[in-house]
Every structure is written in C-alpha cells, then in structure tokens.
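# Structure assessment
Now for the letters of each chain:
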Amino acid sequence: MTQQASISGLILAGGRGTRMGQVDKGLQPFRGKTMAAHVLERLAPQVAGVAINANQNLETYAALGVPVWPDDLTGFAGPLAGMETGMRRCQTELLLTAPCDSPFLPPDLAERLLAALRAQDADLAFAVTQEPGQRPQPHPVFCLVKASLLPILSAYLQEGGRRMDGWYKDLKAVEVLFDDADAFRNINTLDELHSLDTTRAPRLADVTSCLSAYDPDALPVKDAQRIIRAFVQPVQAVEQVALRAALGRVLARDIISPINVPAHDNSAMDGYALRGGDLPADGQVRLTVIGTVYAGKPTGLAPAPGECVRIMTGGVMPDGCDSVIPQEFVAEESKESIVIAAGTLKPGDNRRFAGEDLKAGSAALKAGKVIRPADLGLVASLGIAEVPVRRRLRVAFFSTGDELRSIGQPLDEGSVYDSNRYTIYGMLQRLGCDIIDMGIVRDDPAALEEALRSACENADAIITSGGVSVGAADYTRQIMARLGDVTFWKIGMRPGRPLAFGRVQSNGHGAFLFGLPGNPVAVMVSFYFFARDALLRMMGADAPLPLLRARSLGAIRKKPGRTEYQRGVLTRGEDGMPQVRITGSQGSGILRSMSEANCMVVLHDGQGNVGAGDMVDVLMFEGLV
C-alpha cells in the first residue's frame, strides 16, 4: 500500500456560517471557485479519497463530486463532530482533516504529517506555524489521525468535551512545524474574504502605449473610454446572499438550472388532451372523455385510441397524448364525449415540452447580469435559495472649491450651493453602490490630500467634482501624482472637456479616481460616458448604455472633431416614430435643462451640422437620472 492510499481526506464544512452572514463559509465564492472547491483541489492529490462534512446545503456540496457526510452527533456543529463522523466512515488507516475556509492548504500537508507520525510512532500529527517573535501557533484542525481512535473521541464528546485540542491529551500527538503561516490562514469574515480577493491593475502608461497618436491634451471620447475600460479591474470579491437580498446586485456566476422547466410535458391551455392520430382528415370525430387532469395533480390516465382527457392549463400530458384542443374549439361537448371537426387542430398543438423554457444543466442567468424582479422569480422557480453576487462597490465622493456651500448654510457673495454632490449621489445610488459622501473639500493642499487618502483607504473608487480644469491650482496635479498613477486629459467633447483619471494609493489601499469637471451638466455627462461604465466594470456587470435612433425636429449646429452631448426631449411623432428636440441653451452650468430633458442627443466626433429630419443617436435618461 502506498502512503497516499493509507489516508482519507475530510473537508470540515459543518459550521453554521454565522460569521459569513449565515451562509456556509465553504460555499463562499473566492477567486472564481467556492472555498471548499479550492480546498478539495489541493487536498485530493494528497489522499486516497476525499469526503465533505456538512450539515446544510448537502446537494450543493455533493455537486463537487465527492461524498457528503452530515454530523452523527446532533446539536453541535463544531469540527470535532465532523472529525468523529469522518473517523466512523473512514475506510483507510488514517484520516486527514482540513477546514473548508483555508484555500491555501499546503500541497505537502499529508506527506509531512505522515512522516512525523510514522517517525515518532504517534497517534496523531497536526500542523504548527510560528511567526517571528511570536509563540508557536498550533492548528489541530489540520490533523492526521488514526481512525481506530474513534472510541476515544466519541467518549470525549459524550462527556461534553468540545475543545479541538482537548480530546487527545492522553494520546501521543506530534506537532509538525510549517514555515508558511498563510497556508493555514482561516478566512473567517466577509471583510477578510474581500481583502484577499483582488486583482492588480496595470499601469496607465502600459494601457496608453497601445494607442497610436495618444495625446492627453486632445483625446477623443472613444479613446478615453477604451483606456479607462482597459485600466480598471473588477472587484473579485463575491458574496453568497439570500435570493431576496440579490435584487439590484450583479450576478457573479452563471445560475445553472438544476431542473427542467417545465418539469413535464404539459398543456398550454384549458381543453382536451388527445392523440394527434385521432384527428380527422375530413368530417368529424367523436372522442370519449375518460377523466380530468388538473395542474399539479398528475394521474395515471392513458387514453386509448378514440379517447381523450379533459385537461387544465399546466396539467401534465397523459401518456400517449401529444396535442391539446382548446375547449372553445370543440364542436360538441358533454361530460362523456367531445366532437372535433377536421382542420380545427394540428397534431402537437398547445403542448409544452419538458425543458422548453429551461433544460436541466443550462444557464438560466448569465454572470454579469444585474438582477431584476423577473430574475428573482426565475431563480425561485428553480428552487434556488441563494445566489452568488459581486460585493457592492464602495464609492467615495466629494466636491472641491472654497466657493461651495452646503444646503442650510448662508450664501456669501460669490458663493454657490453645492449641487454636484446631490447629482453624483443620485447617479451612484442608481448603480447600487455603497456610498461615502465626504462633503466639500476646500481649496487647500493638505485638506485635499487628507480627503484623497481617507477616500482611498475606505473605498474602491473615488469621484471628485471640480479642481481638474486648466485653471485649477497646480497642487491638485502634484498631490494626485504623489498618491498614485493619475493623468489629466483634455477630451474632445462638449460639455465636460477636463477629466482626471487614474489610481491612487494610501497605506496599502488603492482606489480608482475619476476627477470630473465642476460645471453641473459637465459632471453628469462625464459621469455617464466615462465613470458609469468603469464602475459597472468594477462591479462585474454587463450593462452598456443603449443608444436609440430618433428624428431630429430641428437643426443642430455642430463642428466636426469633437463629441457633443445635447439635452433633449424625446416624443413620438404622428407616424409613431421617435423624434427629438433639444431643450434650448446648452451651457454646461445650466442644470435646469438637464432636469427638463428626458434624453441626451449624442453627436459623434466625425459628425457635422444636423438638419431637421436627420436621424441622430439618443440616450434615454429613464433608469439613469
């Protein structure tokens, strides 16, 4: 027998998930898989076979392709109960246990524990790590134990013992020192999971080098969008949440249907189920009614030739029947029989096949979808109670400028109320972000640096308004350059020409930065056409802005060479086709025109003047503003 063949592996996943929002830690997604799948992948090559100890979601664990064993001991969901269950079912001399929340399991765990156990003729061996200057840290849950010791463990549990390191006090145990402490790290909270589940962003220079004729002082809209999309990276952290809590969240993995929908061939309407071969080629036919089938109440009825069954919508098709005639199409009807005229029905009509909506094993919803109310119903129809979603994106935002005042403060001469924070708040709220409103930051280098550092350490992205124009103080550029990889662009667009973009860092934390202009309309335009797509990409969502085509009701002046966004009102013409008119003055500080509009007319950089009746691209505001 090889050394590997003498060991069975057991993944301990029997806890209640209290630290993970009542969701099993082993089922929490991590770097593209569940944590239990990571442990299984590392443990399986080291042992003869692997099982999982779990007390809930047994079918989900079983989908990993290994046996799943619930605790034999009821009322205690600790690791010792799982170990006892494993030792009772173990078919080999030794059992190796590992927790489901340690995805960095060492590849030589079994080999080293077994070598120490054999060398010292011990009863069990477990891992120990030691940080510099610290005491040794035992990890008794990473344990190789003789299965024959089951009576000793069972007696300890029956006496009320619960300490992982208490049951073997009278046995010979050997500690095995491992150098890599991170390999035995338990991920106990969602915050820990999120902090480890990240990807590193590229440098801006690497991205911009891929563009020919890159000029930050004259950058086309499409190039800026391309750079931003290539630079930002999705937040990898994923949460397993209850179905109702998933509304508005971004699906992290495909939802695979475990069943056929519908589960059986059934009737699409109230009527009579019959054999298609009984339908007359000409004249009429009388069929005998042998019973009734109701939805949700399958019967053993199997009509013979010349017979039929009354059936309700959703009722399971009886054996031998392949067609349903609606009740109103029957020529004559009584409790005992019906008459059908030729040409009333074709064989196969009004029958819904099993799996017609969804086949078992097919994707019901694709990863990246923002979950809507209809999606909740679809997932519920599959019997799925929890779904994996990307964690909410944390976005901090603030306005800059000494002239700004918050609502409720008096206006001094030359000062204005800060409206940008409210529009930014609304736009972020619509995206489903966790929002950190940092208020107004005055025009002061120390205040700006402090705000950026605080935002960076508490958020995934930062949105600022003001301070990025040509006339802005030089310290803005200096501070952003000192904190990270930030570039300032002059974009060929109107409104919203200045834009700062990049990534800043502080105390080991990083956040993507979007420095928007200060004019109210320019803030909204820049957000929708640059920041929105980037934030959705960070969320893992697939939700591009849909442009519609509409007929312009009037002429619009436009110079080629830049992209223009004009506020408009979209209506339906007498012919039912969409038509649009702009709202008048298009100054970037006129927020009222944005409020009156229900769309934005997008005039692309290569486009010139628009004549009345010309077709233009339109972005609807519904769902956005």
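This text goes with the structure placed above it.
Residues numbered from 1 in each chain as written. Predicted model: local features only at pLDDT ≥ 70, side-chain atom pairs only at ≥ 80, totals over all residues. Heavy atoms only, no water.

Here the focus is the overall build of the protein. Of regular secondary structure, the protein possesses 14 helices and 35 strands. The C-alpha atoms of the protein give a radius of gyration of 33 Å, which is well past the 25 Å a tight globule of 625 residues would have. Dimensions along the principal axes, computed over C-alpha positions, put the protein at roughly 95 × 85 × 50 Å. Burial status across the protein gives 50% buried among its 625 residues. Here the contacts in the protein between residues at least 6 apart in sequence split such that 71% fall between residues at least 24 apart. (Helix = DSSP H or I, 4+ residues; strand = E, 2+ residues; numbered from the N terminus. Rg over C-alpha atoms; globule rule 2.2 N^0.38 Å. Buried < 20%, exposed > 50% of the residue type's maximum accessible area, 1.4 Å probe, protein only. Contact = heavy atoms within 4.5 Å.)

The buried count for strand E6 (residues 94-99) comes to six of six residues, which makes it a mostly enclosed element. Pairing between E6 and strand E8 (residues 137-146): four bridges, direction antiparallel. Within E8, the position partnered with Leu96 by the bridge is Leu144. (Pairing = 2+ DSSP bridges.)

Our focus in this paragraph is the pattern of salt bridges. Should their charged atoms come close, side chains of opposite charge can pair. On inspection of all chains with the given rule, the structure shows 27 salt bridges. Across the pair Arg226 and Asp223 runs a salt bridge, and its minimum N-O distance is 3.7 Å. Residue Arg226 and its partner Asp223 are located together in helix H8 (residues 221-231), separated by three residues, close to a single helical turn. On the accessibility criterion, Arg226 (46% relative accessible area) is partly exposed. Judged by its relative accessible area of 13%, Asp223 falls in the buried class. One salt-bridge network, held together by shared partners, links Asp72, Glu84, Arg88 and Arg89. (Salt bridge = Lys/Arg side-chain N within 4 Å of Asp/Glu carboxyl O.)

Pairing in this open sheet of six strands is mixed, and the strands run E16-E13-E15-E14-E18-E17 from one edge to the other. With one partner strand each, in any of the chains shown, strand E16 (323-326) and strand E17 (332-333) form the two edges of the open sheet.

Okay, the side chain of Glu449 next. Tracing the backbone shows Glu449 in helix H11 (residues 445-458). In this structure Glu449 comes out as buried when scored by relative accessible area, which is 19%.

Here we have six strands laid out as an open sheet, ordered E25-E22-E26-E30-E29-E27, and mixed in their pairing. Each edge of the open sheet is held by one strand with a lone partner, namely strand E25 (434-441) and strand E27 (484-490). The sheet shows a mean angle of 15 degrees between the axes of neighbouring strands, direction not considered. Of the pairings in the sheet, the one linking E27 to strand E29 (residues 498-506) comprises seven bridges and is antiparallel in character. Bridge pairing in E29 links Asp485 to Arg503. Where H8 meets the sheet, it contacts E27, E29 and strand E30 (509-516), and its direction lies at approximately 15 degrees from that of E29. Strands strand E22 (394-400), E25, strand E26 (461-465), E29 and E30 of the sheet are contacted by H11, whose axis makes an angle of about 175 degrees with E25. (Axes fitted to C-alpha atoms, helices over the stretch in contact; angles between N-to-C directions.)

Quick look at the pairing of strand E13 (residues 271-274) now. Of the pairings in the sheet, the one linking E13 to strand E15 (residues 307-311) comprises three bridges and is antiparallel in character. In the sheet register, Tyr272 faces E15, and the bridge partner there is Arg310. Of the pairings in the sheet, the one linking E13 to E16 comprises four bridges and is antiparallel in character. Along E16, the bridge assignment pairs Tyr272 with Ile325.

Turning next to H11. With 14 residues, H11 should cover 20 Å at 1.5 Å per step; its first-to-last C-alpha distance of 20 Å lies within 8% of that length. Looking at where H11 begins, the residue whose side-chain oxygen comes 3.2 Å from the main-chain nitrogen of Ala446 is Asp444. (Expected span 1.5 Å × (residues − 1). Polar contact = N/O pair within 3.5 Å; in protein donor to acceptor, adjacent residues only side chain to side chain.)

For Met427, the position within the fold is in helix H10 (residues 420-431). Among the residues examined, Met427 registers a relative accessible area of 3% and is labelled buried. Separated by 110 residues in the primary sequence, Met427 and Arg537 place their C-alpha atoms 16 Å from one another. Setting aside residues no more than four positions away along its own chain, Met427 makes contact with Met524, Phe527 and Tyr528.

Looking along the chain, the bond that leaves Val261 and enters Pro262 is cis, with omega of -5 degrees. Structurally, Pro262 is set in the loop between strand E11 (255-256) and strand E12 (266-267). Cis geometry marks the peptide bond from Arg494 to Pro495; its omega dihedral reads -5 degrees. Tracing the backbone shows Pro495 in the loop between strand E28 (493-494) and E29.

A few words now on the state of the cysteines. A complete count under the given rule lists zero disulfides for this structure. As a non-bridged cysteine, Cys143 has Cys90 as the owner of its nearest cysteine sulfur, 12 Å distant. Cys143 gets classed as buried once you look at its relative accessible area, which sits at 2%. (Disulfide = S-S within 2.5 Å.)

Glancing now at the environment of Gly467. Within the fold, Gly467 resides in the loop between E26 and helix H12 (474-483). Between the alpha carbons of Gly467 and Arg581 there is a distance of 33 Å; along the sequence they are 114 residues apart.

Now for helix H4 (residues 109-119). Those residues of H4 not exposed but buried are Leu109, Ala110, Leu113, Leu114, Ala116 and Leu117. Around the axis of H4, the buried residues are gathered within 165 degrees of arc, so they sit on the same side. Away from its buried face, by an angle of more than 90 degrees, H4 presents the exposed residues Glu111 and Ala119. Buried residues belonging to H4 abut strand E1 (7-13), E6, strand E7 (124-129), E8 and strand E9 (173-178). The first or second residue beyond H4 is Asp121, which carries a positive phi of 50 degrees. (Arc of directions from axis to C-beta.)

Another aspect to go through is the nonpolar core. A general trend in soluble globular proteins is that nonpolar side chains are found buried together. If you look at the biggest cluster of nonpolar residues, it comprises 64 residues, and the most contacted ones within it are Leu80, Leu96, Leu109 and Trp167. A total of six residues in this core trace back to one element, the largest contributor, which is H4. The residues contacting Trp167, other than those within four sequence positions of it, are Leu80, Met83, Leu124, Val145, Leu149, Ile152, Leu153 and Tyr156. Membership of the second largest hydrophobic core comes to 53 residues, among which are Val207, Phe527, Met594 and Phe621. (Core = buried A, V, L, I, M, F, W, Y, C linked by side-chain atoms within 4.5 Å.)

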